[in-house]
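One letter stands for each residue in the lines below.
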Amino acid sequence: MRDSEKVTYLNIMIDTLKKKEILLKNLKVITTKQTEILEAEEFAADDFDNTIEEKQKSIDALMKLDDGFMDMYAKVKDTLISNGSDYIPEIEQAKALIKKQTDMSVELQAMEEKNKVKLTMQLSKGRQKGKDFRTSSRTAAAYYKNMSNHHQEGDSYFLDSKK
């Protein structure tokens, strides 16, 4: 026999799963935006940082939804174990949503792994550019220092000083 309070809890759980799906879709959009930033000719660090902040807000919201879902599940767990056949439509709907979200999570993890590799390459490019800049700066400084030590006022670079 169906308990209306348990049905309400199950419906809250289903609504929570639907909200979680929306957040996962949003995370996918943000991760795609990160991919575009990482693949751009010029790396936009500020834009990338902004996407990280957006992503963190979505992850925090997901964590709250997960906590709420688990609280609701704790209230219906015993009923579902003992009288699960009374709540088959709700259970099937929740299972379908959970499966879809699991697939989305796997896809997001794969995207994150690819972005991690791309970010590592971008950071190494940045370090190489910095290293190249320091090397050219040192070379230029050494050249100017060397030239200033050899050139005397009144001497010409183009005349032979032999007599």
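You'll find the structure just up there.
Below is a summary of the structure that appears in this document. (Residues numbered from 1 in each chain as written. Predicted model: local features only at pLDDT ≥ 70, side-chain atom pairs only at ≥ 80, totals over all residues. Heavy atoms only, no water.)

Let us look at helix α1 (residues 4-39). Taking 1.5 Å of rise per residue, the 36 residues of α1 would be expected to cover 52 Å, and the 52 Å separating its terminal C-alpha atoms lies within 8% of that figure. Put simply, Asp-3 is the residue that caps the front of α1, since its side-chain oxygen is 3.1 Å from the backbone nitrogen of Glu-5. (Helix = DSSP H or I, 4+ residues; strand = E, 2+ residues; numbered from the N terminus. Expected span 1.5 Å × (residues − 1). Polar contact = N/O pair within 3.5 Å; in protein donor to acceptor, adjacent residues only side chain to side chain.)

On to the environment of Lys-25, then. Position of Lys-25 relative to the elements: it lies in helix α1. In this structure, the C-alpha to C-alpha distance between Lys-25 and Met-104, residues 79 residues apart in sequence, is 7.9 Å.

The next subject is a negative patch on the surface. Among the surface-exposed residues, Asp-46, Asp-47, Asp-49 and Glu-53 lie close enough to one another that they form a single negatively charged patch. Relative to the assigned elements, Glu-53 resides in helix α2 (residues 45-83). (Patch = residues over 30% accessible without salt bridge, like charges linked within 9 Å, V, L, I, M, F, W, Y side chains within 5 Å. Areas by Shrake-Rupley, 256 points an atom, 1.4 Å probe, with all protein chains shown as cover. Salt bridge = Lys/Arg side-chain N within 4 Å of Asp/Glu carboxyl O. Lys, Arg positive; Asp, Glu negative; His and termini not counted. Charge placed at Lys NZ, Arg CZ, Asp CG, Glu CD.)

What the largest pocket holds in volume is close to 190 Å³. Lining the largest pocket are Lys-20, Leu-24, Leu-27, Thr-31, Lys-55, Ile-59, Leu-62, Ser-105, Leu-108, Gln-109 and Glu-112. Counting residues per element, the ones that place at least two in the lining of the largest pocket are α1, α2 and α3 (88-150). When grouped by side-chain class, the residues that make up the lining of the largest pocket number 5 nonpolar, 3 polar and 3 charged. (1 Å grid on protein atoms, 1.4 Å probe; cavity = no way out; pocket = protein on both sides within 12 Å on 5 of 7 lines; lining within 4 Å. Points joined across faces, edges and corners; volume = space filled by probe spheres on them. Nonpolar A, V, L, I, M, F, W, Y, C, P; charged D, E, K, R; others polar.)

What follows concerns the side chain of Gln-34. Position of Gln-34 among the secondary structure elements: in helix α1. Other than its neighbours up to four places away in sequence, Gln-34 contacts Phe-48, Thr-51, Ile-52, Lys-55, Glu-112 and Asn-115. (Contact = heavy atoms within 4.5 Å.)

One pass over the full model with this rule turns up 8 salt bridges. Across the pair Asp-66 and Lys-20 runs a salt bridge whose closest N-O atoms are separated by 3.0 Å. Residue Asp-66 is located in helix α2, and its partner Lys-20 is located in helix α1; the two are separated by 46 residues in the primary sequence. For Asp-66, a relative accessible area of 28% corresponds to the partly exposed category. Taking the shortest distance from any N to any O, the salt bridge between Glu-21 and Lys-100 comes out at 2.9 Å. With Glu-21 in helix α1 and Lys-100 in helix α3, this pair connects stretches of sequence that are 79 residues apart. According to the relative accessible area criterion, Glu-21 is buried, its value standing at 9%. When salt bridges with common partners are traced through the structure, they connect Glu-21, Lys-25 and Lys-100 into a single cluster. (Buried < 20%, exposed > 50% of the residue type's maximum accessible area, 1.4 Å probe, protein only.)

Next up on the list: the nonpolar core. Membership of the largest hydrophobic core comes to 13 residues, with the highest contact counts inside it found for Leu-10, Met-13, Leu-17, Val-76, Leu-80 and Tyr-87. Residue assignment for this core shows that the elements contributing at least two residues are α1, α2 and α3. With 6 residues, the single largest contributor to this core is α1. Judged by nonpolar contacts, the second largest core, of 7 residues, contains Leu-24, Leu-62, Leu-65 and Met-104. (Core = buried A, V, L, I, M, F, W, Y, C linked by side-chain atoms within 4.5 Å.)

Time to look at the side chain of Gln-122. Here Gln-122 shows up in helix α3. Exposure remark for Gln-122: the relative accessible area of 10% places this residue in the buried category. Side-chain polar atoms of Gln-122 contact the backbone oxygen of Leu-38, separated by 2.8 Å. Those residues in contact with Gln-122 that sit more than four places away from it in its chain are Leu-38, Ala-40 and Phe-43.

This part covers the packing of aromatic side chains. All told, the structure shown has 1 aromatic pair when counted by the stated rule. Note on Phe-43 and Phe-48: the rings are 5.8 Å apart at their centroids and 50° apart in plane angle, and the pair reads as tilted. The exposure class of Phe-43 is partly exposed, given its relative accessible area of 24%. The class of Phe-48 is buried, set by a relative accessible area of 8%. (Phe/Tyr/Trp six-rings, centres within 6.5 Å; stacked < 30°, edge-to-face > 60°.)

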